[in-house]
Amino acid sequence: MAKVQVVLGSQWGDEGKGKLVDVLGHEVDLCARCAGGNNAGHTIVVDDFPTPSGPIRQKFDFHLLPSGLVNPSCIGFIGSGVVVHIPSFFAELDTLVGKGLDCAHRLFVSDRAQVVFDFHQIVDGLKEVELGGSSIGTTKKGIGPAYSSKASRSGLRIHHLYDEDFPAKFRKLVEGRFKRYGHFEYDTEAEIKRYKELAERLRPHLVDGPSYVHKALNSGKRVLVEGANALMLDIDFGTYPYVTSSSTSIGGVCTGLGVPPQRIGEVYGVVKAYTTRVGGGPFPTEQLNDVGTHLQEVGAEWGVTTGRRRRCGWLDLVVLKYSHLINGYTQLNLTKLDVLDALPEIKVAVAYELDGKELESFPANLNLLERITVKYVTLPGWQTPINKARKWDDLPENARKYVAFIEEYLGVPVTSVGVGPGRDEMLFKQ
């Protein structure tokens, strides 16, 4: 029985999932998104992208579309659990095509996916203003309000765009938001006209989501699921309320694509060699010092989607142990190890202590996180560039020891290590 491979973020996102998806994408037939929206962000760097004038180094930014599209023989699929802002869908597609990526006849969307409308994005900003000092740092892409509409059963799915009563349903949805937030500037009738036009352009991309995925699996197609965001941003298991609005865990793969647990095969946990997060919320190992600045600058830590600078800190194995507990990683991809090259010593968080007692796991109560003491282990750095390493034995001894320490603590093998931003700057352990 064919099973899906899954790539998931293990921390607070921005771990470099897109690069692993790009590597694995050359061995699969279909790459799928299962949750979230265009609040995600992956960057793929292709050193030898073919053009009429010869190969060039080309960078592709992905937000809503599956990054497996970089592989010209891979089909991209957006599942039922995703919320889709259709103008952004086409803007991103047009940008990729403009850079020479042929996506014709290989990008499909489940007609069960919810639609993110522009008023959702307006409301997203209004909700942040309403929260004031308690802002959760949303990307203001309308993702939360769209999922709110879905959960309250007032939202519209893509197939609703083709119904005769779409205009009436849309007007009712907008009026509900006017009642809640006041009459903000929004041309409802113009939007109805625009979405009727967008719906026709979208029509060739639509499929019955669950049937499409199962037909692919049953015909022996190799399917790769590209997770968005990460476990610590999961609506149920993340640092709530500083989370996204969807299920970013392994459970979201099943619910977002309509596949049972028996269909899940390898689960790759993508782990950045240090820790970052964007926006508000707790961050126990954050370094508001020269170390944090070094990680931010050397690691080019600013968001693909928002442009916001990321907060940076030491690797947190308490977070990763909790993440593995929920997602059940079968192997790990350690990324951006090269960012640590110049550091003489590297700290790793191995436990949280509260009032002198070690906590069993990552706590749900964020007030407790403000009071904890982080227990670190200090490991020696390697202080030499590793970007040319292509085999495990090419890494300096202290770099190998750093990787081994992570493996031993978590009990999960690290099977690949990123040593630079390029698609070829990744080594695989035998």
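Residues numbered from 1 in each chain as written. Predicted model: local features only at pLDDT ≥ 70, side-chain atom pairs only at ≥ 80, totals over all residues. Heavy atoms only, no water.

*Asks:* Help me understand the nonpolar core, please; the structure alone is not making it clear to me.
*Replies:* Looking at soluble globular proteins, one finds that nonpolar side chains tend to be buried together. Core analysis: the largest hydrophobic core is formed by 78 residues, its most contacted members being F77, V253, I264, L337, L340, L395 and Y402. In contact with V253, other than residues within four places in its own chain, are V6, L8, C34, V225, G258, V259 and I264. In this structure, L64, V82, L107 and V115 belong to the second largest nonpolar core, which totals 41 residues. (Core = buried A, V, L, I, M, F, W, Y, C linked by side-chain atoms within 4.5 Å. Buried < 20%, exposed > 50% of the residue type's maximum accessible area, 1.4 Å probe, protein only. Contact = heavy atoms within 4.5 Å.)

*Asks:* Can you walk me through the pairing of strand β3 (residues 42-49) in this structure?
*Replies:* Sheet faces and side chains relate simply in a regular strand, where the side chains alternate between the two faces. With 6 bridges connecting them, β3 and strand β4 (residues 56-62) associate as antiparallel partners. Bridge pairing links H42 to F62 in β4. Between the end of β3 and the start of β4, which pair antiparallel, lie 6 residues, with G54 showing a positive phi angle near 115°. (Pairing = 2+ DSSP bridges. Helix = DSSP H or I, 4+ residues; strand = E, 2+ residues; numbered from the N terminus.)

*Asks:* Quick question: what am I supposed to make of the sheet that holds strand β5 (residues 75-78) here?
*Replies:* One key point about sheets: their strands pair by backbone hydrogen bonds, in either a parallel or an antiparallel sense. One open sheet accounts for 10 strands, arranged β9-β7-β5-β2-β10-β1-β11-β15-β19-β20; its pairing is mixed. The open sheet terminates on both sides in strands that have one partner only, identified here as β9 (206-207) and β20 (426-428). Two elements, strand β2 (residues 30-33) and β5, share 4 bridges in a ladder whose sense is parallel. Paired with A32 across the strands is F77, a residue of β5. Docked against the sheet, helix α7 (residues 209-218) engages β1 (4-9), β2, β5, β7 (107-110), β9 and β10 (223-226), running at close to 145° with respect to β5. (Axes fitted to C-alpha atoms, helices over the stretch in contact; angles between N-to-C directions.)

*Asks:* Just checking my understanding: could you explain the pattern of salt bridges for this structure?
*Replies:* For the structure on display, the rule yields 22 salt bridges. We note a salt bridge from D163 to K169, for which the minimum N-O separation is 3.8 Å. Look at D163 and you get partly exposed, because its relative accessible area is 31%. Overall, the relative accessible area of 31% leaves K169 in the partly exposed class. (Salt bridge = Lys/Arg side-chain N within 4 Å of Asp/Glu carboxyl O.)

*Asks:* So what exactly am I meant to see when it comes to the environment of L288 here?
*Replies:* Along the chain, the position of L288 falls in the loop between β12 (275-277) and α9 (290-298). A relative accessible area of 75% means that L288 is categorised as exposed. Taking the C-alpha atoms as reference points, L288 and S245, 43 residues apart in sequence, are found 28 Å from one another.

*Asks:* It is not clear to me how the environment of V115 should be interpreted in this structure. Could you clarify?
*Replies:* Here V115 lies in strand β8 (residues 114-115). V115 gets classed as buried once you look at its relative accessible area, which sits at 2%. C-alpha separation for the pair V115 and D102, spaced 13 residues apart in sequence, amounts to 25 Å. What V115 contacts, discounting residues up to four positions off in sequence, is V84, I86, H120, A146, L156, R157, I158, L161 and Y195.

*Asks:* Sorry if this is basic, but what is going on with the side chain of Q331 here?
*Replies:* Among the secondary structure elements, Q331 is positioned in strand β15 (residues 331-335). Classification of Q331 by relative accessible area gives buried; the value is 13%. Within the local environment of Q331, its side chain forms a polar contact with the side chain of E266, the two groups lying 2.8 Å apart. Dropping the residues within four chain positions of it, Q331 is found in contact with E266, V267, Y268, G269, V412, P413 and T415. (Polar contact = N/O pair within 3.5 Å; in protein donor to acceptor, adjacent residues only side chain to side chain.)

*Asks:* What am I meant to see in unusual backbone geometry here?
*Replies:* Glycine aside, residues mostly have negative phi angles, and peptide bonds mostly take the trans form. For the peptide bond that leads from Y240 to P241, omega is 10°, which places it in the cis range. You can see P241 is positioned in the loop between β10 and α8 (250-257). Residue R153 is not a glycine yet carries a positive backbone phi of 65°. Checked against the element boundaries, R153 lands in the loop between α4 (143-151) and α5 (166-181). Under the relative-accessibility criterion, R153 is labelled exposed at 74%. Its identity is not glycine, yet Q383 carries a phi of approximately 45°, on the positive side. Following the sequence through the fold, Q383 ends up in the loop between β18 (373-380) and α12 (397-410). A residue is classified by how much of its surface remains accessible, and Q383, at 52% relative accessible area, is exposed.

*Asks:* What is the right way to read the side chain of N327 from this model?
*Replies:* Note on placement: N327 falls in helix α10 (residues 317-327). By relative accessible area, N327 is classed as buried at 4%. At 2.8 Å, the side chain of N327 forms a polar contact with the side chain of Y329. The residues touching N327, leaving out its near neighbours within four places in the chain, are L8, G9, L231, S249, I250 and V267.

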